[in-house]
Amino acid sequence: MIVNIGLLLVGFLALIKGADYFVDGAASIASLLKIPSVVVGLTIVAFGTSAPEAAVSITAALNHSNAIAISNVIGSNIFNLIVVLGMTAIITIIPVPRSIMRKEFPFLIAVSFLMALFIFTGNSLTRLEGIIFLILIIAYVVWLIKDSLSKRASIEVEKPMFSLPMSLVLIVIGIFGIIFGGDLVVNNAKAIALTLGLSEKLVGLTIVSIGTSLPELVTSLVAAKKGNVDIAVGNVVGSNIFNILFILGLSATITPIPVEFALMFDLVIMLIATLLCFFVAKRNGKLGKKEGIIFLLLFISYLTYIIIRN
């Protein structure tokens, strides 16, 4: 138990320092390439912080047990929207970029409902549907890059903190720290919980599922503290798009994913959370402490429900 607690603390330290390096490197690259920081958040940061979800889901698909992939993505997307944004909003007011509200957030809503359509019409994600998702993620990234390059001339950026090679090194070190730290936290929190007598099923639904979203949480909180709020918002929206299109797309392409009926409720909660965040941000143009507290209370209610249900 003492060893597990020690490793848990090491994991949190690695997560925090990894996110620190990652955000600095990503912000520096945005300045060097004259790319809006929100685009970096939607791509490099979003894809990097989704690495744990990708590792869990793709490994499960290769082992032909990828029913975990769908619950992993649904749970992570709910957590990202109402906990990551909620906690970040409590720390600092989040002005939501208008570009995200016009383009990326509606796109996230569209792919979320497309995912629901595929699942509700067949109780599964087929290989063809997985391929459609992969085509969409490629088109999305290409469009993002072309759109950001077309606006480079009109963008005013701060002086880069680091050279391009150093920025890339920081990003790599940051990703390693985030993944390594997240792994330590999840494994040792699970060991401590089981030692205290909690059931493995309950631990899996709470600690492990939330644990794979720790990179998004820590990275967004660090970005917000450093004043890079665009990276924090882009991280959440980009991660959720990446989770659906890349992680589920690749997993379903490897092995079609059956979806249990009980998971339909969680899928509906994910859709409601996506729409709620969008309409609150659109109405106010920002997310503040009040919205953050409401989001966290909603997640506590949802978590209580799944604990009772299981």
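Residues numbered from 1 in each chain as written. Predicted model: local features only at pLDDT ≥ 70, side-chain atom pairs only at ≥ 80, totals over all residues. Heavy atoms only, no water.

S.K.: When you look at the packing of helix α1 (residues 2–32) against helix α9 (residues 214–225) in this model, what are you seeing that I'm missing?
M.R.: In the contact formed by α1 and α9, the axes pass within 9 Å of each other and the chain directions differ by 60°. In terms of orientation, α1 and α9 fall into the oblique class. Like other packed secondary-structure pairs, α1 and α9 cross with a definite hand, here right-handed. For the pair α1 and α9, contact is made by Leu15, Ile16, Ala19, Asp20, Phe22 and Val23 and by Leu214, Pro215, Val218, Thr219, Val222 and Ala223, respectively. Tallied by class, residues from the contact of α1 with α9 come to 10 nonpolar, 1 polar and 1 charged. (Axes fitted to C-alpha atoms, helices over the stretch in contact; angles between N-to-C directions. Helix = DSSP H or I, 4+ residues; strand = E, 2+ residues; numbered from the N terminus. Parallel < 35°, antiparallel > 145°, perpendicular 65-115°, else oblique. Left-handed = near helix turned anticlockwise from the far one by under 90°. Contact = heavy atoms within 4.5 Å. Nonpolar A, V, L, I, M, F, W, Y, C, P; charged D, E, K, R; others polar.)

S.K.: Which parts of the structure should I look at to understand empty space enclosed by the protein?
M.R.: Over the atoms rolls a probe the size of a water molecule, and in doing so it shows where empty space is left. Across all of its chains, the model carries 1 cavity of 30 Å³ or more by this definition. Here the largest cavity defines a volume of roughly 40 Å³. Lining the largest cavity are Leu85, Val96, Phe105, Val233, Cys277, Ala281 and Leu287. Tallied by class, residues from the lining of the largest cavity come to 7 nonpolar, no polar and no charged. (1 Å grid on protein atoms, 1.4 Å probe; cavity = no way out; pocket = protein on both sides within 12 Å on 5 of 7 lines; lining within 4 Å. Points joined across faces, edges and corners; volume = space filled by probe spheres on them.)

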